[in-house]
Amino acid sequence: MTVSEPQPSLAPLRPSVRFMLSHPAHFMALGFGAGLAPKAPGTVGTLWAWLAYLVLQQWLNPRQMGLLIAISTVVGWWACTTTARHMRVADPGSIVWDEVVAFWLVLWLAMPIGLWGQVVAFGLFRFFDAAKPGPVGWADSLFKGFGWRGGWGILWDDFVAAFCTLLVIALWRF
């Protein structure tokens, strides 16, 4: 066991507002509170991402949004790794930053698609992320555990779900 792994005898921590506010990584990884939703935190995190994207695009041009997504991926990797270790769970459902940054990527690459296109993108992304068919399930199994590898695994399957979503949207458009 390495220093970065949690003690196996300690029970997993359940996230709370207090836990979320106790460390900047927790605040980010839990999607600024979206991950505290008692039911379907991934869906709530994706809804938060959608709303945040619509607000952010008022002030950021596409290049700046792309830069924000890139920075959010790197910082999110740290936040997800740290929070999972502190929660003593390899891939907790309450960590929703992976949904946030992956859905931002979908919207950034698919826009402009109008409200119904965004609804379809949301539904497709949630399907691929939750059901984990084919390549998403494969991606989910690649990086497991604690430390940098597990933190990347939290993000990786959502990026593959985003790719699958974008592929379906591209086939639909053309």
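Above: the structure in question.
Residues numbered from 1 in each chain as written. Predicted model: local features only at pLDDT ≥ 70, side-chain atom pairs only at ≥ 80, totals over all residues. Heavy atoms only, no water.

Caption draft 1: Geometry of empty space enclosed by the protein. Under the counting rule described, the total for this entry stands at 1 cavity of 30 Å³ or more. One number sums up the size of the largest cavity: a volume of about 30 Å³. What lines the largest cavity is simply Ala90, Asp91, Phe143, Lys144, Gly145, Gly150 and Ile154. Along the lines of polarity and charge, the residues of the lining of the largest cavity split into 3 nonpolar, 2 polar and 2 charged. (1 Å grid on protein atoms, 1.4 Å probe; cavity = no way out; pocket = protein on both sides within 12 Å on 5 of 7 lines; lining within 4 Å. Points joined across faces, edges and corners; volume = space filled by probe spheres on them. Nonpolar A, V, L, I, M, F, W, Y, C, P; charged D, E, K, R; others polar.)

Caption draft 2: Here's a closer look at unusual backbone geometry. The peptide bond linking Met111 to Pro112 adopts the cis configuration, its omega dihedral lying at 0 degrees. The topology assignment puts Pro112 in the loop between helix H5 (97-110) and helix H6 (114-131). Even without glycine at this site, Ala40 takes up a positive phi of about 50 degrees. Mapped onto the fold, Ala40 is located in the loop between helix H2 (24-29) and helix H3 (41-56). Judged by its relative accessible area of 43%, Ala40 is partly exposed. Here the phi dihedral of Arg88 falls at roughly 65 degrees; this positive angle occurs in a residue that is not glycine. Take Arg88: it is sitting in the loop between helix H4 (62-87) and H5. Under the relative-accessibility criterion, Arg88 is labelled partly exposed at 25%. (Helix = DSSP H or I, 4+ residues; strand = E, 2+ residues; numbered from the N terminus. Buried < 20%, exposed > 50% of the residue type's maximum accessible area, 1.4 Å probe, protein only.)

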